[in-house]
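Listed below, chain by chain, are the residues.
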Amino acid sequence: MGVRRRGARLALATGGVLAALFAASCEQAKRDDAAPSAAAASIERGRKVYLANCTACHNTDPGLPGAIGPAVAGSQRALIEARVLRAEYPPGYTPKRPTHAMVALPQLAGSIDDLAAYLASVTPR
Ligand code: HEC
């Protein structure tokens, strides 16, 4: 075996290691992207659910008061769940309005996380 062939094998091995490292760093980059895009997808689903189910009473901009519902931007998940599923409030919560005009929308049980992600993404004013 000549020096040249050993050199070639070494080059191949080095190339393999580099390719593996490159692939690994791409995997890492893909994983880093996955989290924010999953969050963005949840916010977008929540926005659609909000526009379709809440804006008869709340403002299309959740940071502002609506026709009869108060501003709801930044609402905690527990508050959203209690209101939307049962028209209640979490224990100890002081409501923004003393009225009881909001109806429960229990059919939205599967969208509470998305609604919470969306309302958390809008800065309260
Ligand atoms: C029929 C009108 C109506 C609809 C539809 C409605 N709301 Fe409401 N919402 C209200 C009103 C009015 C209040 C104030 C309390 C009350 O009168 O029940 C309120 C209160 C709230 C509160 C509590 C605000 C606070 O901090 O005191 C949250 C959160 C909320 N609504 C979220 C939603 C979400 C999310 C949806 C859609 C899934 C929705 N509401 C649909 C009328 C509505």
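See the structure shown above.
Overview of the structure. No experiment lies behind these values; they were computed from the predicted model shown.

**Observations regarding the overall build of the protein**
- A count of helical and extended segments in the protein gives three helices and zero strands.
- Of the regular secondary structure in the protein, the N- to C-terminal order runs α-α-α.
- In the protein, which comprises 125 residues, the share counted as buried stands at 15%.
- Sequence separation of at least 24 residues holds for 59% of the intrachain contacts in the protein that already meet a minimum separation of 6.

**Section: helix 2 (residues 77–86)**
- If you check which residues of helix 2 are buried, you get Ile80, Arg83 and Val84. Projected onto a plane normal to the axis of helix 2, the buried residues spread over an arc of 85° and lie on a single side.
- Taken together, the buried residues of helix 2 touch helix 3 (112–121).

**Quick look at the site of the ligand**
- Surrounding the ligand, one finds 25 residues, the nearest of these being Cys54, Cys57, Gly69, Thr99 and Met102.
- For the shell around the ligand, the leading source of residues is helix 2, giving four residues.
- Along the lines of polarity and charge, the residues of the shell around the ligand split into 16 nonpolar, six polar and three charged.

**Details of the packing of helix 2 against helix 3**
- It is at 9 Å that the axes of helix 2 and helix 3 come closest, and there the two elements cross at 130°. With respect to each other, helix 2 and helix 3 are oriented oblique. Where helix 2 crosses over helix 3, the two elements pack in a sense that is right-handed. Along its contact with helix 2, which presents Arg77, Ile80, Glu81 and Val84, the element helix 3 presents Ile112, Leu115, Ala116 and Leu119.
- Grouping the amino acids of the contact of helix 2 with helix 3 by side-chain chemistry returns six nonpolar, no polar and two charged.

**What about the nonpolar core?**
- Membership of the largest hydrophobic core is limited to eleven residues, which are Tyr50, Cys54, Val72, Ile80, Val84, Leu115, Ala116, Ala117, Tyr118, Leu119 and Val122.
- Of all the secondary-structure elements, those providing two or more residues to this core are helix 2 and helix 3.
- Per element, the largest residue contribution to this core is five residues, and it comes from helix 3.
- If near-sequence neighbours (up to four positions away) are discounted, tyrosine 118 is found in contact with Ile43, Gly46, Arg47 and Tyr50.

**Examining unusual backbone geometry**
- If you check the backbone angles, alanine 87 has positive phi at about 55° while not being a glycine.
- Within the secondary structure, alanine 87 sits in the loop between helix 2 and helix 3.
- On the basis of neighbour count, alanine 87 is assigned to the partly exposed category, with 14 C-beta atoms found within 10 Å.

**Notes on the environment of asparagine 59**
- With respect to the helices and strands, the residue asparagine 59 is situated in the loop between helix 1 (3–53) and helix 2.
- Placed twelve residues apart in sequence, asparagine 59 and alanine 71 show a C-alpha to C-alpha distance of 7.1 Å.
- Leave out the neighbours within four places in its chain, and asparagine 59 touches Leu64, Pro65, Gly66 and Ala71.

Definitions and cut-offs
Residues numbered from 1 in each chain as written. Predicted model: local features only at pLDDT ≥ 70, side-chain atom pairs only at ≥ 80, totals over all residues. Helix = DSSP H or I, 4+ residues; strand = E, 2+ residues; numbered from the N terminus. Buried ≥ 20, exposed ≤ 12 C-beta atoms within 10 Å, placed from the backbone. Contact = placed C-beta atoms within 7 Å. Arc of directions from axis to C-beta. Near = placed C-beta within 6 Å. Nonpolar A, V, L, I, M, F, W, Y, C, P; charged D, E, K, R; others polar. Axes fitted to C-alpha atoms, helices over the stretch in contact; angles between N-to-C directions. Parallel < 35°, antiparallel > 145°, perpendicular 65-115°, else oblique. Left-handed = near helix turned anticlockwise from the far one by under 90°. Core = buried A, V, L, I, M, F, W, Y, C linked by C-beta atoms within 7 Å.

Take it as geometry only, folks, not as evidence of what the structure does.
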